[in-house]
Amino acid sequence: MFTNKDNSDSNSKFVQTVLGKINPSDVGPTTTHEHILIDFVCMFNPPSEASERFKAFQPVTMENLGWVRYDHFRNQDNLLLADENVAVEELLLFKGHGGRSIIDATTIGIGRDPYALSRIARLTGINIIMGAGYYVDSVHPHNMDKKNINDIADEITNEIKIGVGDTGIKCGIIGEIGCSWPLTKNEHKVLEASAIAQSQTGASILIHPGRNEKSPFEIIKILSEAGADLSRVVMGHIERTIQDHDTLLELAKLGTYLEYDLFGWESSYYPLSHLDMVSDGARIDFIQFLINNGYSERIVTGQDVFCKSRLAKYGGHGYHHIMENMIPRMREKNISEPDIHNLIIKNPTEILTIKTN
Ligand SMILES: [Zn+2]
């Protein structure tokens, strides 16, 4: 089977998709944090009561959808996105609404699937950029304690320069790199290794911070001390991590991209944190606040689709929610066209552009 075909041979600036290099000018409207296929059953947290457990192990249906949506993590079937045909249908909705590129942030431990991603990319014509490296400690491989920082850095570099395993299919970004709160020893190693791999490849780093407002600051300190280029680091899940304006500005000053990547997830209950999950309206208000403070060129957006109940097929908002609903809503809330262009096209393109000499 054909794997990697490079469309632009000796380009010094390129974006690396699962089907090979493309020109940065072909990136277009992008969502920077999604999971096209994912095995997220590691997050399954079934209730203890018998009748609730019955629902926890049922397939997702119209009958249980309301129960599932209140807490995505209490139904096992909900946490597995494994059907390529469904993925194609969902990505075609994104394409139909003008989307062109998507970062699949599924890293080691949650079912990253290079061959399937390349099949889906061919069938849809969407540019899929695959992530390198490791998700959170709880899904690290058993031999993680034995790996040192340089071993891990070489693994990440190889996933970008040579390909994942023996597939020949290359990653185009480092991450999402999983960090828990408190950060574990092995997660600390992966962060330092990511900084080294960044200097070896020129790729950006996408971070999944721990669920605590101190986590992004701790991560940035570690990355910075390990020599990372913070202007090419994307701090994900900002809306569920920092909701205080002063703290947000303190973080913005450190120079990473800030990713509002949970658009569409609106719930009265967020089971994993002391913070509430915010609404889409609040997300746009946070973005407006950052733009007003001069950070238009530092913000990106996504939906972080990771479960069935967030797909259009199962009554969710899908991968096209930002394109279909949020861009018009941003306009209504007086975010300017140049700022929307930065969020949706310019900033993602810069994040994904790998420069070689
Ligand atoms: Zn994440």
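Relevant structure appears above.
Residues numbered from 1 in each chain as written. Predicted model: local features only at pLDDT ≥ 70, side-chain atom pairs only at ≥ 80, totals over all residues.

A.B. asks: Hey, could you run me through the nonpolar core in this one?
C.D. replies: The nonpolar side chains of a soluble globular protein tend to be buried with one another. In terms of nonpolar packing, the biggest core is built from 93 residues, with Ile128, Ile174, Ile177, Ile207 and Val234 touching the most fellow members. Aside from chain neighbours lying at most four places away, what touches Ile128 is Thr17, Val18, Ile36, Ile102, Asp104, Leu117, Ile120 and Ala121. (Core = buried A, V, L, I, M, F, W, Y, C linked by C-beta atoms within 7 Å. Buried ≥ 20, exposed ≤ 12 C-beta atoms within 10 Å, placed from the backbone. Contact = placed C-beta atoms within 7 Å.)

A.B. asks: I keep staring at the sheet that holds strand β13 (residues 354–355) and nothing clicks. Help me out?
C.D. replies: Backbone hydrogen bonds hold the strands of a sheet together, and the pairing may be parallel or antiparallel. Read across the sheet, 3 strands follow the order β2-β1-β13 without closing on themselves; strand pairing throughout is antiparallel. Of all strands in the sheet, those bounded by a partner on one side alone are β2 (20–22) and β13. As judged from the 3 bridges shared by strand β1 (residues 13–17) and β2, these two strands associate in the antiparallel manner. Note on β2: the bridge partner recorded for Thr17 is Gly20. (Pairing = 2+ DSSP bridges. Helix = DSSP H or I, 4+ residues; strand = E, 2+ residues; numbered from the N terminus.)

A.B. asks: What is the right way to read the packing of helix α3 (residues 84–96) against helix α4 (residues 114–124) from this model?
C.D. replies: Working note: a packed helix pair is described by the angle between its axes plus the distance between those axes. At a minimum axis distance of 10 Å, the contact between α3 and α4 shows a crossing angle of 45°. With respect to their mutual orientation, α3 and α4 come out oblique. Between α3 and α4 lies a crossing of right-handed hand. Here Glu84, Ala87, Val88, Leu91, Leu92 and Lys95 of α3 come into contact with α4, specifically with Ala116, Arg119, Ile120, Leu123 and Thr124. Broken down by class, the residue content of the contact of α3 with α4 amounts to 7 nonpolar, 1 polar and 3 charged. (Axes fitted to C-alpha atoms, helices over the stretch in contact; angles between N-to-C directions. Parallel < 35°, antiparallel > 145°, perpendicular 65-115°, else oblique. Left-handed = near helix turned anticlockwise from the far one by under 90°. Nonpolar A, V, L, I, M, F, W, Y, C, P; charged D, E, K, R; others polar.)

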